[in-house]
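Coordinates in review
Chain residues, written in single-letter form:
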Amino acid sequence: MGSRQVTSWQGKNITVAGLGVSGISAARALAGLGAVVTVVDGGDGEGHRARAAELGELGISVRLADAETLPEGTELVVTSPGWKPDSPLFAAAAAAGVDVVGDVEIAWQLRGENAAPWLAVTGTNGKTTTTQMLASILRAAGLRTAAVGNIGTPIIDVVLGDQPYDVLAVELSSYQLHWAPSLRVHSGAVLNLAPDHLDWHGSMEAYAADKGRIYEGNTVACVYNVADPATEKLVENADVEEGCRAIGFTLGAPGPSMLGVVDGILVDRAFVENRQKNAQELAEVKDVNPPAPHNIANALAAAALARAFGVEPRAVRDGLRDFRPDAHRVAHVDEVGGVTYVDDSKATNTHAAEASLAAFEPVVWIAGGLAKGATFDELVQKSAERLRGVVLIGADRALIAEALARHAPEVPVVDLDRTDTGAMLAAVREAAALAEPGDTVLLAPACASMDMFANYNERGDAFADAVRELAAESAADTV
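What you see is a predicted model; the values in this text were computed from it and never measured.

With that settled, the discussion passes to the overall build of the protein chain. Check the secondary structure of the protein chain and you find 17 helices and 20 strands. A principal-axis box enclosing the C-alpha atoms of the protein chain has dimensions of 70 × 60 × 40 Å. Every one of the 479 residues in the protein chain was classed for burial, and the buried ones make up 54%. For the protein chain, contacts bridging at least 24 residues in sequence account for 66% of all contacts bridging at least 6. Of the roughly 19,500 Å² of accessible surface on the protein chain, 47% is carried by carbon and sulfur atoms. Side-chain charges of the protein chain comprise 37 positive and 64 negative groups, with the mean position of each set lying 5 Å from the other.

Right, dumping it as structure tokens:
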């Protein structure tokens, strides 16, 4: 990947905020480049001490149980994505005139002279799926690539690794974009914008502005969602390289400089000759797995980024056919008594839940958890007609219950006042009682999971386990 300018890191005093995966990756990399690294973290559990001991063997200092005090002599702070901008540590850094950046910024600075270009994806929902679809398409084109950033291997490790790449498919969260001021990618996409992480960003305007940073300095294409005008506005406000184009994606028939859908075919009117008159067939809707509307939109965004990089149409089709979604993303679990059970535990906000609910009808909806500052009126209004019933769990379930009372008072609601490990089984049993043959019981919580579970994966696993127990009981009853 070419030579690197490592001398600027030699002897530099760097504080890394956070002892998680990205923090450890940054600490190891910077120490290996000669920096004097101190990691700070507010925790002091057994796991924290074990990770601190491992880093200590590399000459990295770790300060536990104090995430607020800036270590003396700090010249740069490298933060993990989740740390809030108003953290006391960052206030202390600002007072001392010390910059704060994230792991993505460090990775960008550490790229070699002939580094692989980045094709970047952000948005409130669909980031991981779209990035993985993009990587699958790039691989189908014979390119050496990896899906990195907010998923997979820490991006610093990829940039510094021995494996050469032709191009990287990079998922970027709003947190990561906030802390990456010099990032300038080949082409970027904002899939959608909806209220999320407002407790972190402070306002919808600040959240959108951080998402829009993905377009800054794009060289070939800024990909936006035609159905979400806020994404196009971010393109209009971006400072891009001369010749960079705005490329839209739509579930309808595309205009020039767009990708869209015509008679069940994904088509390209952006990267073709004479786009005023011509269109290029890329794939069929049935090539997208699953072919739910929001996932077709993901596929179009991935295709747009791949086409911006010069990928041939056949590779788009083959890559989409090869792609398999991760667990807990609109995953079919089982059918019991004529009722289909679907796990979309990854739907951790209202926008994701709305897309998930729109794919099924009628639905018994299992929802609730940590709201993260969200409101639920618009979600309930848009989804009310397809609801057979609702089962609520989690800390902030009352907020959803109140929205249901206002906008869907006729829909039966079971409010489970439980946060114990057996709560999901109880929720599935209640949902089964509400459902009729032909219905879908859908776990699309519209909330984060940490009130009851370690993460959305554990929540989805609990749902799947509960469905399997229900299926076993049903099978036993028919014997």
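Having put the structure on the table, let's press on.
Here the protein chain averages 92 in pLDDT, and 96% of its residues register 70 or above. Low pLDDT, under 50, characterises residues 1-7; the stretch is placed with 19 contacts to residues that sit more than four places away or in other chains.

Moving on, we come to the pairing of strand β13 (residues 265-268). Residue alternation in β13 divides its side chains into two sets, Ile 265 and Val 267 and Leu 266 and Asp 268, and both sets are buried. Direction of pairing for strand β12 (residues 258-262) relative to β13: antiparallel, over a ladder of 4 bridges. Looking at β13, one finds that Leu 259 is bridged to Asp 268. Taking the residues that link successive antiparallel strands as the turn, the β12-β13 hairpin has 2 residues, and the phi of Asp 263 there is positive, at about 50 degrees.

The next point concerns the packing of aromatic side chains. Taken as a whole and judged by the stated rule, the model has 3 aromatic pairs. Measuring from ring centre to ring centre gives 6.0 Å for Trp 83 and Phe 90, while their planes differ by 40 degrees; the resulting arrangement is tilted. Take Trp 83: its relative accessible area is 16%, and that puts it in the buried class. Residue Phe 90 is classed as buried on the basis of its relative accessible area of 6%. Judged by centre distance (5.1 Å) and plane angle (65 degrees), the rings of Phe 90 and Trp 179 are edge-to-face. With Phe 90 in helix α3 (residues 88-95) and Trp 179 in the loop between α7 (174-178) and β9 (187-190), this pair connects stretches of sequence that are 89 residues apart. Residue classification places Trp 179 among the buried positions, given a relative accessible area of 7%. Following the ring pairs from residue to residue traces out a cluster consisting of Trp 83, Phe 90 and Trp 179. The side chain of Arg 245 reaches across the aromatic face of Phe 271, ending 5.4 Å from its centre.

With that out of the way, let us pick up the pattern of salt bridges. Counting across every chain of the model gives 19 salt bridges. Between Arg 144 and Asp 166 there is a salt bridge, with its nearest N and O atoms 2.8 Å apart. Of this pair, Arg 144 sits in the loop between α5 (127-140) and β7 (147-149) while Asp 166 sits in the loop between α6 (155-160) and β8 (168-171), and the two are 22 residues apart along the sequence. On the basis of relative accessibility, which here comes to 26%, the residue Asp 166 falls in the partly exposed class. A single salt-bridge network, built from bridges that share partners, covers Glu 354, Glu 378 and Lys 382.

At their nearest, the axes of α5 and helix α12 (residues 313-322) sit 7 Å apart, and the two run at 125 degrees to each other. By the criterion of interaxial angle, the relationship of α5 to α12 is oblique. Handedness of the α5/α12 crossing: right-handed. Residues Met 133, Ser 136, Ile 137 and Ala 140 of α5 lie in contact with α12, whose contacting residues are Ala 315, Val 316, Asp 318, Gly 319, Leu 320 and Asp 322. Of the residues in the contact of α5 with α12, the class split is 6 nonpolar, 2 polar and 2 charged.

The 9 strands are arranged β7-β8-β6-β9-β10-β11-β12-β13-β14 in an open sheet whose pairing can be described as mixed. Lying at the two open borders of the sheet, with one neighbouring strand each, are β7 and β14 (280-284). Each adjacent strand pair in this sheet contributes to an overall mean axis angle of 25 degrees, direction not counted. Relative to strand β10 (residues 221-225), helix α10 (residues 229-237) is tilted by about 155 degrees, and along the sheet it contacts β9, β10 and β11 (245-249). Relative to the sheet, α12 contacts β13 and β14, its axis offset from that of β14 by approximately 10 degrees.

Calculation criteria
- Residues numbered from 1 in each chain as written.
- Predicted model: local features only at pLDDT ≥ 70, side-chain atom pairs only at ≥ 80, totals over all residues.
- Heavy atoms only, no water.
- Helix = DSSP H or I, 4+ residues; strand = E, 2+ residues; numbered from the N terminus.
- Buried < 20%, exposed > 50% of the residue type's maximum accessible area, 1.4 Å probe, protein only.
- Contact = heavy atoms within 4.5 Å.
- Areas by Shrake-Rupley, 256 points an atom, 1.4 Å probe, with all protein chains shown as cover.
- Lys, Arg positive; Asp, Glu negative; His and termini not counted.
- Charge placed at Lys NZ, Arg CZ, Asp CG, Glu CD.
- pLDDT = per-residue confidence, 0-100.
- Pairing = 2+ DSSP bridges.
- Phe/Tyr/Trp six-rings, centres within 6.5 Å; stacked < 30°, edge-to-face > 60°.
- Lys NZ or Arg CZ within 6 Å of the ring centre and 35° of its normal.
- Salt bridge = Lys/Arg side-chain N within 4 Å of Asp/Glu carboxyl O.
- Axes fitted to C-alpha atoms, helices over the stretch in contact; angles between N-to-C directions.
- Parallel < 35°, antiparallel > 145°, perpendicular 65-115°, else oblique.
- Left-handed = near helix turned anticlockwise from the far one by under 90°.
- Nonpolar A, V, L, I, M, F, W, Y, C, P; charged D, E, K, R; others polar.

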